[in-house]
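# Structure at a glance
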Amino acid sequence: MQILNTNTGKGILTRGLTEKEAMEKLKKHGFNELKKKNKKSPTAIFIEQFKNLMTLVLIGACLISWFFGEKADSITILAIIVLNSILGFIQEYKAERSIEALMELSAPGAKVVREGKVSYINAKYVVPGDLVIIEAGDRIPSDGIVLESTGLMVDESILTGESMPVEKSSRNSDWVYMGTMATSGKAKIVTYSTGMNTEMGKIASMLQDIPDEFTPLQRRLEQLGKYIVAVCLIICAVVSITGILRGEDPYNMLLTGISLAVAAIPEGLPAIVTVALAIGVQRMYRRNALVRKLPAVETLGSTTVICSDKTGTLTQNKMTVKKIYVDDKIIEPQGNRFSSTESLKFLFTASSVCSDAFYEERMMSEPEATGDPTELAILKAAWSSGIKKSNLNKEYKRIHEIPFDSNRKRMTVVVRRKNGESFVFVKGAVDVILDLCTKYYSARGERIMTSMDRKAILTANEKMASSALRVLGTAYKKFDGILDNNSIEKNLTFIGMMGMIDPPRPEVAKAVETCIMAGIRPVMITGDHKLTAAAIGKELGILTSENQILTGNDLDKLNDNQLKKASANTAVYARVSPKHKLRIVKALKSLGHTVAMTGDGVNDAPAIKEADIGIAMGITGTDVTKEASSMILLDDNFSTIVAAVEEGRIIYDNIRKFIRYLLSCNIGEVLTMFLASLLYLPTPLIPIQILWVNLVTDGLPAMALGVDPPDRDIMFRKPRGKKESIFSHGLGFKIIMRGIAIGFGTLSVFALMLYLTYNDIIRARTCAFASLVLSQLFFVFECRSEHRSILRINPLTNMWLALAVLCSLGLLLMVIYVPFFQPIFSTVPLGWIEWVIVVTMSFLWTLLSIFTTRKKK
Ligand code: ATP
């Protein structure tokens, strides 16, 4: 028999290692992982804080003060540098570690045979000598030799650069290598080497470190930062030089210039954005979405189409056989049991033998059930008619198989019965199976299939499918002697079909509704029958009209341009293959959509890679799809995608909030000093005051804005445009206007106090300082919403912000009233009239904004 390619039974090599042996080997050989070169140690992260340009400038300022004999200034600047670095360190360390911990969760696993049982373990625990089971879609966890194989094809491009998969067979005792991917077939391998001893380990040190992935926003902000630095440096130079020309102390003016530059340049912005993204990644994880690529967090917020698989994502993937077609009629179970006619028993036998799942009921405990839910449903129904998989396993020996694959939509086995008879059993999509059949089996015996039989089968199939049942047909062939690969699936006899219900997940209809309200189109892509897909689509609210469905056959008839047009209005794609998914993503992208697309099988990887957000299934997904994806759904659930989109929107909103706050405040600070120098006024703030504002009033509240709870309307808005700037919808204008207002306000307080106190410069500066701080602390509450006025937002819904503001306020009073700080910060205690002036001027802009903000429900 030419098809035999299976080399089974190699004594001890079938039972695998014992757990004890594995433990000892793990101690000896270490974890099966490649050493990461670019893992940052805490010390490295701390030292990095001092490499920052602004910190270096501050260190310069510290040395200058020391050189000019201003020791108090010097020590204060040093304290600010240390505080700044500690804050930066804490932020970055937490962000790094939390992302690392999440990455660990998406580490690949391996199916190993130990003590005769197959178990799924984290790949890092695989040891030399371990037997590993490899299936299509698996990432090979270690280097090893193939012991048994059925059509194993491996993509070794990661090692060899060769993009065509190569066949690996037990016949030649072929080697397989860690990190390569099984694209089809099955195999059992024995591990030879692990970790850094593998071929991958040997070249790992030659491989380039994976660079940190920046999001488009981070990159744009870095670019913007450069412009701001240039403008700020010019302004700072003008302030310093005009001060010196006016006859002010050169040391003071030099330090003012430096402090102003430090305060004005939003050097903390990229760091806060990173922290906000990291926090977002954690929040998404809590909602079962594991982000693998940081840019996904940002892109999620602009998603306009979510293309989702049906089985398991929109539905529960808990199948139960509800109807069966044998002997020319549809039968239903009585209670949970099907009556045991001969044809029915044969249908159950054939489809159970052609299954990899296992099901056995127990007297006192839960049934033992492992494997694919579709197959489990078959085995359960068979059990009710007295057909048991464990008995069939003894009766039929599998000698060859062609595993299920979404492209072929069927599974085939060749078996030999104990009595010497040989059979081919095939189960799969009815339309596919029917095309392979020439005969029909019924209680009255086998006959040539007539067109009437064919028609009756298709009608019954449609009837079952339109009541949302997933229908599988089964066929067989008995043969003697030799069968070659090409004739296995030819001239089959149709036995019957089973319709199984897979109820929608209860939370999905609501999630679909949320999507639609949020301007996002949900699209179902399934390998299932058109009518099954339509029934489920309607039930979930995805499909609203019959002409929104396209099938794989329809797709094959459309060219790319026609598909582009059709995809604008298609809500359900049925009977499609993974290759169609790629075309669908491309068509939607060419329409300008930001596409999120789910996938599980190995063949889905190209479409997942092409999508803006590739989403892999955490439970049913293969390693190949997971590695191609930018996000993994830990619960395989559609509503998790919608939750992740919501989180994406929240994060983007929060980033806008603190950018608005930080930039407005920085413009305010620079303008205060710049206008004063243009108007020939003395400098309104001394360097230490500026640095204090930068550290306390800017830093803490901005971080608290990063964790602000969402606006109520977050999922009622249209998605953000793909190329939309972070400053769009008038944000840039708002920032500039508020910056000018803060600048003018602070300067007015300063000038007024100079006038009222007959040039008591220290008092006027204290008032300007307090006014600058207060106007920022009022403003931070406005930044919480772009649409609603401050009066409509409960300040206590963000306790971090309330705390940050209270903390800044306390520190302000401390530097004004505690005698120890007064000489350092050059402040004097203020009287109540001065406070009235300061508070009124600071609140003026907030008051104005209350009247001008559009009222929204
Ligand atoms: P989705 O892409 O939404 O997950 P699906 O799971 O229905 O859809 P596939 O898994 O590609 O899509 O299945 C396509 C068809 O193949 C099914 O409609 C069914 O008829 C058949 N099929 C599914 N599972 C098996 C299996 N284990 N053995 C044989 N045929 C199967």
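Since we're looking at a predicted model, the values are computed, not measured. (Residues numbered from 1 in each chain as written. Predicted model: local features only at pLDDT ≥ 70, side-chain atom pairs only at ≥ 80, totals over all residues. Heavy atoms only, no water.)

On to the packing of aromatic side chains. Considering all chains together, one arrives at 19 aromatic pairs under this definition. The interplanar angle of 80° and the centroid separation of 5.1 Å between the aromatic rings of Trp175 and Tyr192 together place this pair among those described as edge-to-face. Taken together, the positions of Trp175 in strand β6 (residues 175–176) and Tyr192 in strand β7 (residues 181–193) put the pair 17 residues apart, joining distant regions of the chain. Given the relative accessible area of 31%, Trp175 is considered partly exposed. Take Tyr192: its relative accessible area is 55%, and that puts it in the exposed class. Between the NZ or CZ atom of Lys124 and the centre of the ring of Phe31, over which it lies, the distance is 5.0 Å. The lysine or arginine in question, Arg720, covers the ring of Tyr652, its NZ or CZ lying 3.5 Å from the ring centre. (Phe/Tyr/Trp six-rings, centres within 6.5 Å; stacked < 30°, edge-to-face > 60°. Helix = DSSP H or I, 4+ residues; strand = E, 2+ residues; numbered from the N terminus. Buried < 20%, exposed > 50% of the residue type's maximum accessible area, 1.4 Å probe, protein only. Lys NZ or Arg CZ within 6 Å of the ring centre and 35° of its normal.)

Glancing now at the side chain of Thr683. With respect to the helices and strands, the residue Thr683 is situated in the loop between α23 (638–678) and α24 (687–705). When near neighbours in sequence (up to four residues on either side) are disregarded, Thr683 contacts Arg246, Glu248, Met253, Thr256, Met673, Phe750 and Arg765. (Contact = heavy atoms within 4.5 Å.)

Our next topic: the nonpolar core. Counting 133 residues, the largest nonpolar core has Phe638, Ile655 and Phe658 as its most contacted members. For this core, the element with the most residues is α23, which contributes 20 residues. Two domains each donate at least three residues to this core, and these are domain 2 (235–285 + 646–711 + 725–856) and domain 3 (290–315 + 505–636). Listed in part, the 31 residues of the second largest apolar core include Phe346, Phe423, Phe425 and Met500. (Core = buried A, V, L, I, M, F, W, Y, C linked by side-chain atoms within 4.5 Å. Domains from an automatic or database assignment.)

Further remarks concern the UniProt feature "transmembrane region" (unreviewed entry) in the protein chain. Sequence positions flagged by UniProt for "transmembrane region" (unreviewed entry) are, in local numbering, residues 50–68, 74–90, 227–245, 257–279, 658–680, 735–756, 801–820 and 832–851. The distance separating the terminal C-alpha atoms of residues 658–680 is 33 Å; by composition the span is 91% helix and 0% strand. (UniProt positions renumbered as here; feature names shortened; annotations may be inferred.)

Attention now goes to the pattern of salt bridges. Across all of its chains, the model carries 43 salt bridges by this definition. The partner of Glu19 in a salt bridge is Arg114, and the shortest N-O contact between them spans 3.3 Å. You can see Glu19 sitting in helix α1 (residues 19–29) and its partner Arg114 sitting in strand β1 (residues 109–114), a full 95 residues away along the chain. Through salt bridges with shared partners, one network takes in Lys186, Asp356, Arg398 and Glu401. (Salt bridge = Lys/Arg side-chain N within 4 Å of Asp/Glu carboxyl O.)

As a further point, take the sheet that holds strand β9 (residues 305–309). In space, the eight strands of this open sheet follow the order β8-β26-β25-β24-β9-β21-β23-β22, with mixed pairing throughout. Either end of the sheet is taken by a strand with one partner, and the two such strands are β8 (289–291) and β22 (549–551). Strand-to-strand twist across the sheet, computed as the mean angle between neighbouring axes with direction ignored, equals 20°. Of the strand pairs in this sheet, β9 and strand β21 (residues 521–525) are connected by five bridges, and their pairing is parallel. For Ser308, the partnering residue across the bridge sits in β21 and is Met524. Sitting on the sheet, helix α20 (residues 578–590) is in contact with β9, β21, β23 (572–574) and β24 (595–599), with an inclination near 170° to β24. Docked against the sheet, α23 engages β8, β9, β21, β24, β25 (613–617) and β26 (631–633), running at close to 155° with respect to β9. (Pairing = 2+ DSSP bridges. Axes fitted to C-alpha atoms, helices over the stretch in contact; angles between N-to-C directions.)

Let us look at the domain arrangement of the protein chain. A common way to state how big an interface is: give the accessible area lost once the parts meet. Segmentation of the protein chain into domains returns domain 1 (6–30 + 109–208), domain 2 (235–285 + 646–711 + 725–856), domain 3 (290–315 + 505–636) and domain 4 (320–501). Once you take the C-alpha centre of each, domain 1 and domain 4 turn out to be 33 Å apart.

This part takes up the site of the ligand. In the vicinity of the ligand lie 20 residues, with Lys310, Thr311, Asp372, Arg470 and Asp528 positioned nearest. Contact distances for the ligand include 2.5 Å between an oxygen atom and a backbone N or O atom of Lys310. Contacts to the ligand include Thr526, whose side-chain N or O atom sits 3.1 Å from an oxygen atom. Sorting the residues of the shell around the ligand by element identifies β16 (422–429) and β19 (469–479) as the ones contributing at least two each. In terms of residue class, the shell around the ligand is built from six nonpolar, five polar and nine charged. In this structure, the shell around the ligand is formed jointly by two domains, domain 3 (290–315 + 505–636) and domain 4 (320–501), each of which donates at least three residues. (Near = heavy atom within 4 Å. Polar contact = N/O pair within 3.5 Å; in protein donor to acceptor, adjacent residues only side chain to side chain. Nonpolar A, V, L, I, M, F, W, Y, C, P; charged D, E, K, R; others polar.)

Moving on, we get to helix α16 (residues 508–517). Turning to α16, its buried residues number three or more, namely Val508, Ala511, Val512, Thr514 and Cys515. The buried residues of α16 occupy one face: seen down the axis, they fall within an arc of 160°. Those residues of α16 hidden inside the fold are in contact with β9, β21, α17 (530–540) and α23. Note on α16: the residue one or two positions beyond its end, Gly519, has a positive phi of about 75°. (Arc of directions from axis to C-beta.)

A few words on the packing of helix α26 (residues 761–782) against helix α27 (residues 799–817). Put simply, α26 and α27 touch, their axes get as near as 11 Å, and they point 175° apart. Taken together, the axes of α26 and α27 lie roughly antiparallel to each other. Contact residues: α26 offers Thr766, Phe769, Ala770, Val773, Leu774, Leu777, Val780 and Phe781, while α27 offers Leu801, Val805, Ser808, Leu809, Leu812, Val815 and Ile816. Class assignment of the residues belonging to the contact of α26 with α27 gives a composition of 13 nonpolar, two polar and no charged. (Parallel < 35°, antiparallel > 145°, perpendicular 65-115°, else oblique.)

In this section: the environment of Val297. Mapped onto the fold, Val297 is located in helix α10 (residues 295–300). Each C-alpha atom, one on Val297 and one on Gly668, is 31 Å from the other, the two residues being 371 residues apart in sequence. With sequence-adjacent residues up to four places away left out, Val297 is seen in contact with Leu277, Val281, Met284, Val291, Gly648 and Ile651.

Let us now look at the packing of helix α19 (residues 560–567) against α20. Axis separation between α19 and α20 bottoms out at 9 Å; the angle between their running directions is 70°. As summarised for this structure, α19 and α20 are arranged roughly perpendicular, according to the angle between their axes. Contacts from Asp560, Leu563, Lys564 and Ser567 of α19 reach α20 at Arg583, Ile584, Ala587, Leu588 and Ser590. For the contact of α19 with α20, a count of residues per class yields four nonpolar, two polar and three charged.

Attention now moves to unusual backbone geometry. Negative phi characterises most residues that are not glycine, and trans characterises most peptide bonds. If you check the backbone angles, Lys409 has positive phi at about 60° while not being a glycine. Position of Lys409 relative to the elements: it lies in the loop between β14 (396–405) and β15 (410–417). Although it is not a glycine, Ser826 sits at a positive phi angle of roughly 55°. Turning to its location among the elements, Ser826 is positioned in the loop between α28 (821–825) and α29 (832–852).

Successive side chains on a regular strand alternate, one facing one side of the sheet and the next facing the other. The element β9 is extensively covered by neighbouring structure, given that five of its five residues are classed as buried. On β9, burial covers both faces: Val305, Cys307 and Asp309 on one face and Ile306 and Ser308 on the other are all buried.

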